[in-house]
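Chain by chain, the residues run as shown.
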Amino acid sequence: MEIYGLTDVGSVRSENQDAFATGRLADDVLYAVVCDGMGGASGGGIASRLAADLFAERMEKQYRPGMPEASLFHLMESAVDAANVGIFDKAAENPDLAGMGTTLVAVVIDRENAVAVHVGDSRLYRLEKDTLKQITTDHSVVQEMIDRGQLTEAQARSHPRKHFITRAIGVEGTVRCEFDTFTVSPDTRLLLCTDGLTNMLSDDEIVSLLQNGSPETVPGALIDAANTAGGEDNITAVIFA
Ligand code: CA
């Protein structure tokens, strides 16, 4: 598998507050992390860049080939904690940055085994043949309403509170992350993205764009389609193919 990623300011906003990082660890293990920052002044952009960089740095430094899955979980959780503390401390030092935070979704692929971790509403999808599955479950107000049966997924797409997340990195001294494990095959395609992509495109549009063209062109094609649909927010797409 190879990783291809792009981020774009979109068609409306003046600043891109999304960030991502990707890399190859020992033993051909791959990882990627995508973050969507929030907070006034330039806080959102600082928070997302810091989170992606701190997560990547921890993985690069401490990943060991053949780590048992429990140790990998522990490492990924410590990488999320490092991001959380880094942003929280920076915000505490600088009143202009108070309250800044970010989502985070990351995945580590060791041959056929994948481990994802996330906080907030940036997402990981897996495409197998023609079936697109959302692996992560959003930490958001509308997802909680869907879980309680108060809202359908279709209603959630246009709900006025769809941007409200229930967990974020960097806004409190500690953060709770959520893990998902799944398998991948050589034909699997994975997509990590921010809500600037998923709010603009339907699942069917995402499937056809993931299947078309050579893999390196896919992130650009996804971003172009989201911009054509309005580009109301920053847009980030990272694919494994
Ligand atoms: Ca966003």
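The structure presented is a predicted model; accordingly, all values stated were derived computationally and were not measured.

**Q** Can you walk me through the coordination of the calcium ion in this structure?
**A** Within the protein, the atoms that donate to the calcium ion are Asp-36 (OD), Asp-36 (OD), Asp-195 (OD) and Asp-233 (OD), at distances of 2.3 to 3.1 Å. Counting the intervening residues between successive donors of the calcium ion yields the motif D-x158-D-x37-D. You can see Asp-195 sitting in helix α5 (residues 195–198) and its partner Asp-233 sitting in the loop between α7 (218–228) and β11 (235–240), a full 38 residues away along the chain. Classification of Asp-195 as buried rests on a relative accessible area of 7%.

**Q** Looking at this structure, I do not really get a negative patch on the surface. What am I missing?
**A** Taken together, Glu-153, Asp-203, Asp-204 and Glu-205 make up a surface patch of like negative charges. Considering every element that reaches the negative patch, the biggest residue donor is helix α6 (residues 203–211), with three residues. Tracing the chain through its elements places Glu-153 in helix α4 (residues 153–157). Note on Glu-153: relative accessible area 57%, which makes it exposed.

**Q** How should the sheet that holds strand β8 (residues 131–134) be read in this particular structure?
**A** Note on sheets: strands pair through backbone hydrogen bonds, and any given pair is parallel or antiparallel. Overall, antiparallel pairing links the five strands, which are arranged β1-β11-β10-β7-β8 in an open sheet. Each edge of the sheet is formed by a strand with only one pairing partner; in this case those strands are β1 (3–8) and β8. Mean inter-strand twist for the sheet, computed between neighbouring axes without regard to direction, equals 15°. In this sheet, β11 lies alongside strand β10 (residues 189–193) in antiparallel orientation, the contact comprising four bridges. Residue pairing for β11: Leu-192 is matched across the bridge by Val-238.

**Q** Sorry, what's going on with the side chain of Thr-194 here?
**A** If you trace the backbone, Thr-194 turns up in the loop between β10 and α5. When its relative accessible area of 0% is taken as the criterion, Thr-194 is described as buried. Discounting chain neighbours no more than four positions away, the residues touching Thr-194 are Asp-18, Val-34, Cys-35, Asp-36, Ser-122, Asn-234, Ile-235 and Thr-236.

**Q** Would you mind showing me how to read the packing of α6 against α7 here?
**A** The relative placement of two packed helices is expressed as an angle between their axes plus a distance between the axes. Where α6 meets α7, the axes come as close as 9 Å, and the angle between the chain directions of the two elements is 150°. On the basis of the axis angle, α6 is roughly antiparallel to α7. Relative to α7, the crossing made by α6 is right-handed. Only Val-218, Ala-221, Leu-222 and Ala-225 of α7 make contact with α6, whose side of the interface consists of Ile-206, Leu-209 and Leu-210.

**Q** Honestly, the pairing of β11 in this entry has me stumped. Any pointers?
**A** The buried fraction of β11 amounts to six of the six residues, a majority that puts the element mostly inside the structure. Neither face of β11 is left uncovered, since the one carrying Ile-235, Ala-237 and Ile-239 and the one carrying Thr-236, Val-238 and Phe-240 both have all their residues buried. As paired strands, β1 and β11 are joined by six bridges and run antiparallel to one another. Bridge pairing in β11 links Gly-5 to Val-238.

**Q** Could you clarify how one ought to interpret α6 in this entry?
**A** A turn of α-helix holds 3.6 residues, and therefore any two residues three or four places apart point the same way. For α6, the complete set of buried residues consists of Ile-206, Val-207, Leu-209 and Leu-210. Packed against the buried residues of α6 are β7 (123–128), β8, β10, α5, α7 and β11. Just beyond α6, the residue with positive phi is Gly-213, at close to 75°.

**Q** Help me understand the packing of aromatic side chains in this model?
**A** Two aromatic rings are characterised by how far apart their centres lie and by the angle between their planes. Counting across every chain of the model gives one aromatic pair. With a centroid separation of 4.5 Å and 20° between ring planes, the pair formed by Phe-73 and Phe-179 is classed as stacked. Of this pair, Phe-73 sits in helix α2 (residues 69–93) while Phe-179 sits in strand β9 (residues 178–183), placing them 106 residues apart in sequence. On the accessibility criterion, Phe-179 (21% relative accessible area) is partly exposed.

So, how was this worked out
Residues numbered from 1 in each chain as written. Predicted model: local features only at pLDDT ≥ 70, side-chain atom pairs only at ≥ 80, totals over all residues. Heavy atoms only, no water. Donors = N, O, S within 2.8 Å, 3.2 Å for Na, K, Ca; no water. Helix = DSSP H or I, 4+ residues; strand = E, 2+ residues; numbered from the N terminus. Buried < 20%, exposed > 50% of the residue type's maximum accessible area, 1.4 Å probe, protein only. Patch = residues over 30% accessible without salt bridge, like charges linked within 9 Å, V, L, I, M, F, W, Y side chains within 5 Å. Areas by Shrake-Rupley, 256 points an atom, 1.4 Å probe, with all protein chains shown as cover. Salt bridge = Lys/Arg side-chain N within 4 Å of Asp/Glu carboxyl O. Lys, Arg positive; Asp, Glu negative; His and termini not counted. Charge placed at Lys NZ, Arg CZ, Asp CG, Glu CD. Pairing = 2+ DSSP bridges. Axes fitted to C-alpha atoms, helices over the stretch in contact; angles between N-to-C directions. Contact = heavy atoms within 4.5 Å. Parallel < 35°, antiparallel > 145°, perpendicular 65-115°, else oblique. Left-handed = near helix turned anticlockwise from the far one by under 90°. Phe/Tyr/Trp six-rings, centres within 6.5 Å; stacked < 30°, edge-to-face > 60°.

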